[in-house]
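The residues making up each chain are set out below.
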Amino acid sequence: MAHENELNLKATELRLGLPGTDESEDMVSTAKNNKRASPESLEDSGSEANSAAKSGDHETSSASKTQIVGWPPVRSYRKNNLQSKKAESETGMYVKVSMDGAPYLRKVDLKVYNGYPELLVALENMFKLSIGEYSEREGYEGSEYAPAYEDKDGDLMLVGDVPWDMFMSSCKRLRIMRGSEAKGLGCAV
Amino acid sequence: MSEDEELPDLGGGSTRSSNSTAVSGGGGDHNYVSPSPDQVLENVLENVLCFLTSRRDRNAASLVCKSWYRAEALTRSELFIGNCYSVSPRRVTNRFRLVKAIAIKGKPRFSDFSLLPPDWGAHFGPWLSAMSRSYRALEKLYLKRMSVTDDDLSFAAQSFPILKELVMVCCEGFGTGGLAIVASGCREIRVLELMDSDVGDDEADWISCFPDNVTCLESFVFDCVEAPINFEALERLVARSPSLKKLRLNCYISIGQLYRLMIRAPQLTHLGTGSFSPLEIVAQGEQELNYFSAFAACKSLICLSGFREIIPDYLSAIYPVCGNLTSLNLSYANINAEQLKPVICLCHKLQTFWVLDSVSDEGLQAVSAACKDLRELRVFPVQALEDAEGPVSEVGLLAISEGCRKLQSILYFCQRMTNAAVVAMSKNCLDLVVFRLCIMGRHRPDHITGEPMDEGFGAIVKNCKKLTRLAVSGLLTDRAFSYIGQYGKLLRTLSVAFAGNTDLGLKYLLEGCPKLQKLEIRDSPFGDSALFAGLHHYYNMRFLWMSSCKVTRQGCEEIARQLPGLVVEVITRDREENETSEYVDTLYMYRSLDGPRADAPRLMVRPSLMICGKHCTSTECRFSIARSLDFTLSVWVPCISR
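Conventions used here
- Residues numbered from 1 in each chain as written.
- Chains lettered and ligands numbered in written order.
- Predicted model: local features only at pLDDT ≥ 70, side-chain atom pairs only at ≥ 80, totals over all residues.
- Heavy atoms only, no water.
- Helix = DSSP H or I, 4+ residues; strand = E, 2+ residues; numbered from the N terminus.
- Buried < 20%, exposed > 50% of the residue type's maximum accessible area, 1.4 Å probe, protein only.
- Areas by Shrake-Rupley, 256 points an atom, 1.4 Å probe, with all protein chains shown as cover.
- Contact = heavy atoms within 4.5 Å.
- UniProt positions renumbered as here; feature names shortened; annotations may be inferred.
- Pairing = 2+ DSSP bridges.
- Right-handed = clockwise from strand over helix to strand, strands pointing away.
- Axes fitted to C-alpha atoms, helices over the stretch in contact; angles between N-to-C directions.
- Phe/Tyr/Trp six-rings, centres within 6.5 Å; stacked < 30°, edge-to-face > 60°.
- Lys NZ or Arg CZ within 6 Å of the ring centre and 35° of its normal.
- Disulfide = S-S within 2.5 Å.
- Parallel < 35°, antiparallel > 145°, perpendicular 65-115°, else oblique.
- Nonpolar A, V, L, I, M, F, W, Y, C, P; charged D, E, K, R; others polar.
- Core = buried A, V, L, I, M, F, W, Y, C linked by side-chain atoms within 4.5 Å.
- pLDDT = per-residue confidence, 0-100.
- Salt bridge = Lys/Arg side-chain N within 4 Å of Asp/Glu carboxyl O.

**Student:** Teacher, can you tell me more about the overall build of chain A here?
**Tutor:** A tally of regular secondary structure across chain A gives six helices and five strands. In sequence order, chain A lays out its α and β elements as α-α-α-β-β-α-β-β-α-β-α. For chain A, buried positions account for 43% of its 189 residues. Summed over all atoms, the accessible surface of chain A reaches about 10,300 Å², with 51% contributed by carbon and sulfur.

In structure tokens:
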């Protein structure tokens, strides 16, 4: 509720912001297929089942909901297809993902993810590989693979340098490179 | 094939008198040696067995004696493998020699909801290797939740030259490149169906790979293929496929393109309409194609689906076929009650209806008023979230129960429900075989009385005497499970999530439901002692799945010790140093004739982790541990003395 009021104020606010940072009220965060189970979900199961009137308020009080993996049980195929259906003119933000050495490309809908961690987990799962920790200085130093993307200007950029919203609006295509080739893309000062 | 020559002629032999006259001594051939009684029995048996088609009947026949076992094995032509790890491909091909159709199921259903690590298994490859040697005359291949590669598809196309039907449901691992090979290599293909499968986009023009001549295609389903296709090639394909009856298009086909296809194939009985929206917004006043007449020309249409990106204004085009429809799938169409009503009120013959909850309770009331013959209803959520606004509720369920008395199967997602509505359904819809209710908020009680949902589900198992499949949700105590154990005597499949209080819950199930085959439980407080309560029954089950419950490693080991024929797979997620859990994350166990599988997940390796194999010091257990990025997979099976 407080969140909604905040949005209304922002709508009338004049500000300079990075491209792509306009919040959409319709942006719902769903139970993403690739999210790991939060520790809470494991403890939840036994503790409160005895109480009588439990009105689903146990975890929604905090603004950040703990999403449970695979719940509600709707197949990701179905979730993805509906998520990308928006009433406005823009369609889902599908970008191609290629991986060096892989025979075929995949597609991901960037709108389905809340931020870089989710996207990276999804890519790890999709291509069955591991992408290491991101650091501003070292990029993905030490990882077998590093994610890169092609932006609007056609340049190959390292994933993670810019704010998520800016990335979403500028990313045209993703490419998972071998770690050895990705050296030099990190912004080592 | 040399094996076939050993078999008596089953097909053409309508006169079986030759055998009987030989036995009774008739016939004038002096060199004739009368067959032994065993031989006669086998001949007679084989001729009789060909009339047995149900696999359960055949299983029973094969248990009578060795002779029947042999005869049955030689004559079974349709195979069903419910769990691809329950038996090795080699064992299957050794026993059954004349197989024309095979269905193989792989991953457990909860893998659909990302509860299994990627690359967990269910590879088609090993099956394909065995089948390519033994079943070259294979005609039908059905795969569900299997991992299939492009190479597999290529090898299959080569190995099975007369393959007529290929159906893949919830499969992954292949792409449009693989489909291209199937299209060009399987010359006899009549049925090619891809459903809910994850198909990679290799940018291959696979539609163009079908042979140029007239095809024998009868069913072509590719609505789940998320890649653009060559429309002109598709149009030509449809034009040269006079037998085509089922066509389900993907969302890259616009409504204009749909029109062109429909006028080429008015004989269609099943149609998936693709996006059902135009490529560009049609300008005001511009001539619109007469979609209405295209539908009117399809006089045989009984099943409609698709509507992937529907512009609701176009829905009126389907009016001409509504009166004949027995199946309508609007589960990708985000439409409201007002948009649904004019369509549904015409669908008086509808038996299967899938829809989104965007139509709200009001839409379901319209369904209830119009579709008196409804057998199956599925209501999916537009927003698959725990605490979203729920447009459907007990009101819709009650309306359906009152109007659709012949209902046999229901899947209903909602945010709120009452016991009263569920009880009403149990009394109104006595033919229910499948009842799956998903109250999306975990542990949510009856929203009017605040009570647990025990009584509602209890009434379902008590009153619906034909029930074989049940999925429960909402706030449930052990009492609900005592009802299920008491009344659910025909239950074969049960799904439980976030339910129950103590071990008693699971005990009630395992002790009370003798027909239970598939039990999947997540996030429920059932532990080792409940697990032990099922020892008498696990060999009769296809599988047991328990994730995020209170089962310990020791409990799993003990089960494996006591039941040597079970494979007990345990998956434990990696945890931080200070995070420990005495419970395993996932237990998946099933009976297997061939011990643990050799293809546990390929591991994702970070430099800091190692792959280690360990042998237990205990003489009773042999297990291997593999560590990966996220998961540790351990497989227990007692040492089988050889």
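**Student:** What is the right way to look at the overall build of chain B in this model?
**Tutor:** Looking only at helices and strands, chain B features 22 helices and 24 strands. Relative to its full complement of 642 residues, chain B shows a buried share of 58%. Partitioning the intrachain contacts of chain B with sequence separation of at least 6 by distance along the chain shows that 69% fall at a separation of at least 24. Carbon and sulfur atoms make up 51% of the accessible area of chain B, which amounts to about 26,300 Å² in all.

**Student:** Hey, could you run me through helix α17 (residues 419–428) of chain B in this one?
**Tutor:** Spacing of three or four residues puts side chains on the same side of an α-helix, whose turn is 3.6 residues. When you tally the buried positions in α17(B), you get seven out of ten residues, the bulk of the element. Within the sequence span of α17(B), burial applies to B:Asn419, B:Ala421, B:Val422, B:Ala424, B:Met425, B:Ser426 and B:Asn428.

**Student:** Help me out: how do you make sense of the UniProt feature "domain: Transport inhibitor response" (unreviewed entry) in chain B in this one?
**Tutor:** The UniProt record annotates "domain: Transport inhibitor response" (unreviewed entry) at residues 99–143 of chain B. The span residues 99–143 of chain B is 22% helix and 20% strand, and its two end C-alpha atoms sit 15 Å from each other.

**Student:** Before we go on, may I ask you to explain the pairing of strand β4 (residues 165–169) of chain B in this structure?
**Tutor:** Along any regular strand, the residues point their side chains to alternate faces of the sheet. Residues and elements named next belong to chain B. Of all five residues that make up β4, five are buried, and the element is covered over most of its length. Burial of β4 is two-sided: the residues Glu 165, Val 167 and Val 169 facing one way and the residues Leu 166 and Met 168 facing the other way are all buried. Inspection of the sheet shows strand β3 (residues 140–144) paired to β4 by five bridges, in the parallel sense. Bridge pairing links Tyr 142 to Val 167 in β4. Handedness of the β3-helix α8 (residues 150–159)-β4 crossover: right-handed. Here β4 pairs with strand β6 (residues 191–195) via five bridges, running parallel. Note that in β6 the partner of Leu 166 across the bridge is Leu 192.

**Student:** What's the story with the sheet that holds strand β5 (residues 173–178) of chain A in this structure? I'm lost.
**Tutor:** Each strand in a sheet pairs with another by means of backbone hydrogen bonds, the pair being arranged parallel or else antiparallel. All names here are of chain A. A sheet is described by the order of its strands in space; here five strands give the open sequence β2-β1-β5-β3-β4, paired in mixed fashion. Edge strands, defined here as strands with exactly one partner in the open sheet, are β2 (106–109) and β4 (156–158). Taken over all neighbouring pairs, the strand axes of this sheet differ in orientation by 35° on average, direction set aside. As judged from the three bridges shared by strand β3 (residues 145–150) and β4, these two strands associate in the antiparallel manner. What sits directly across from Tyr 149, in β4, is Met 157. Across the sheet, helix α4 (residues 116–127) touches β1 (94–99), β2, β3 and β5, and the angle it forms with β2 is around 155°.

**Student:** Before we go on, may I ask you to explain the packing of aromatic side chains in this structure?
**Tutor:** We describe a pair of aromatic rings using the distance from one ring centre to the other and the angle between the two ring planes. Residue and element names in this part refer to chain B. For the coordinates displayed, the defined rule picks out 26 aromatic pairs over all chains. Geometrically, the ring pair formed by Phe 543 and Tyr 588 is tilted, given 5.7 Å between the ring centres and 50° between the ring planes. Pair noted here: Phe 543 is in strand β20 (residues 543–547) and Tyr 588 is in strand β22 (residues 586–591), with a separation of 45 residues, a long-range link. Taking the relative accessible area as the measure of exposure, Phe 543 reaches 7% and is therefore buried. Counting every residue linked through ring pairs, the aromatic cluster contains Tyr 85, Phe 110, Phe 113, Trp 120, Phe 543, Trp 545, Tyr 588 and Tyr 590. The ring of Tyr 332 has Arg 308 lying over it, and the distance from NZ or CZ to the ring centre is 3.8 Å. Taking the ring centre of Tyr 539 as reference, the NZ or CZ of Arg 591 above it sits at 4.8 Å.

**Student:** Just checking my understanding: could you explain the state of the cysteines for this structure?
**Tutor:** Here is the idea: a disulfide is a covalent bond, and it sits between the sulfur atoms of two cysteines. Counted by the stated rule, this structure contains zero disulfides over all chains. B:Cys438 forms no disulfide, and the closest cysteine sulfur to it belongs to B:Cys414, at a distance of 7.5 Å.

**Student:** Is there a simple way to explain the packing of helix α14 (residues 337–344) of chain B against helix α15 (residues 360–370) of chain B in this structure?
**Tutor:** How two helices sit against one another is set out by the angle between their axes and by the gap between those axes. Residue and element names in this part refer to chain B. At a closest axis distance of 9 Å, the pairing of α14 and α15 adopts a crossing angle of 10°. Of the possible angle classes, the one that applies to α14 and α15 is roughly parallel. Contacts between α14 and α15 involve Ala 337, Glu 338, Leu 340, Lys 341 and Ile 344 from the first element and Ser 360, Glu 362, Gly 363, Ala 366, Val 367 and Ala 370 from the second. Taken together, the residues of the contact of α14 with α15 sort by class into six nonpolar, two polar and three charged.

**Student:** Could you clarify how one ought to interpret the pairing of β3(B) in this entry?
**Tutor:** Residues and elements named next belong to chain B. Bridge count between strand β2 (residues 101–105) and β3: five bridges; the pairing is parallel. When the sheet's bridge partners are listed, Ala 101 is paired in β3 with Lys 140. Read as a crossover between parallel neighbours, the route from β2 over helix α7 (residues 125–134) to β3 is right-handed.

**Student:** Would you mind going over the UniProt feature "domain: COI1 F-box" (unreviewed entry) in chain B with me for this structure?
**Tutor:** With numbering matched to this structure, UniProt assigns "domain: COI1 F-box" (unreviewed entry) to residues 38–77 of chain B. Taken as a whole, residues 38–77 of chain B contains 75% helix and 0% strand, while its terminal C-alpha atoms sit 23 Å from one another.

**Student:** Please explain the nonpolar core as it appears in this structure.
**Tutor:** Grouped together as the largest cluster of nonpolar side chains are 178 residues, with contacts concentrated most on B:Phe220, B:Leu234, B:Phe353, B:Phe435 and B:Leu470. Excluding residues that lie within four positions of it along the chain, B:Leu234 makes contacts with B:Ile207, B:Phe220, B:Phe222, B:Ile229, B:Leu249, B:Ile253 and B:Leu261. In this structure, A:Val108, A:Tyr113, A:Leu119 and A:Tyr145 belong to the second largest nonpolar core, which totals 29 residues.

**Student:** How should the environment of B:Pro108 be read in this particular structure?
**Tutor:** Residues and elements named next belong to chain B. Note on placement: Pro 108 falls in the loop between β2 and α7. For the pair Pro 108 and Met 146, spaced 38 residues apart in sequence, the C-alpha to C-alpha distance is 10.0 Å. For Pro 108, the residues in contact, after removing those within four places along its chain, are Leu 116, Trp 120, Arg 145, Trp 545 and Tyr 588.

**Student:** Mind showing me how you'd approach the confidence of the model for chain B here?
**Tutor:** Close inspection of predicted coordinates is inappropriate in any region flagged by low pLDDT. Residues and elements named next belong to chain B. Here chain B averages 87 in pLDDT, and 87% of its residues register 70 or above. This model gives residues 636–642 a pLDDT under 50, and the stretch forms 23 contacts once residues within four places in sequence are excluded. Scored by ipTM, the complex comes to 0.82, with pTM at 0.74.

**Student:** Would you mind going over the pattern of salt bridges with me for this structure?
**Tutor:** Scanning all chains against the criterion turns up 30 salt bridges over all chains. A salt bridge links B:Asp198 to A:Arg106; the nearest nitrogen and oxygen atoms lie 2.8 Å apart. With B:Asp198 in strand β7 (residues 198–200) and A:Arg106 in strand β2, this pair bridges two chains. With relative accessibility at 39%, the residue B:Asp198 sits in the partly exposed group. Here A:Arg106 falls in the buried class, since its relative accessible area comes to 13%. One salt bridge connects B:Asp431 with B:Lys466, and the closest N-O pair in it is separated by 3.0 Å. One end of the pair, B:Asp431, is in the loop between α17 and β16 (434–439); the other, B:Lys466, is in the loop between α18 (454–463) and β17 (469–471), and 35 residues separate them in sequence. Classification of B:Lys466 by relative accessible area gives partly exposed; the value is 44%.

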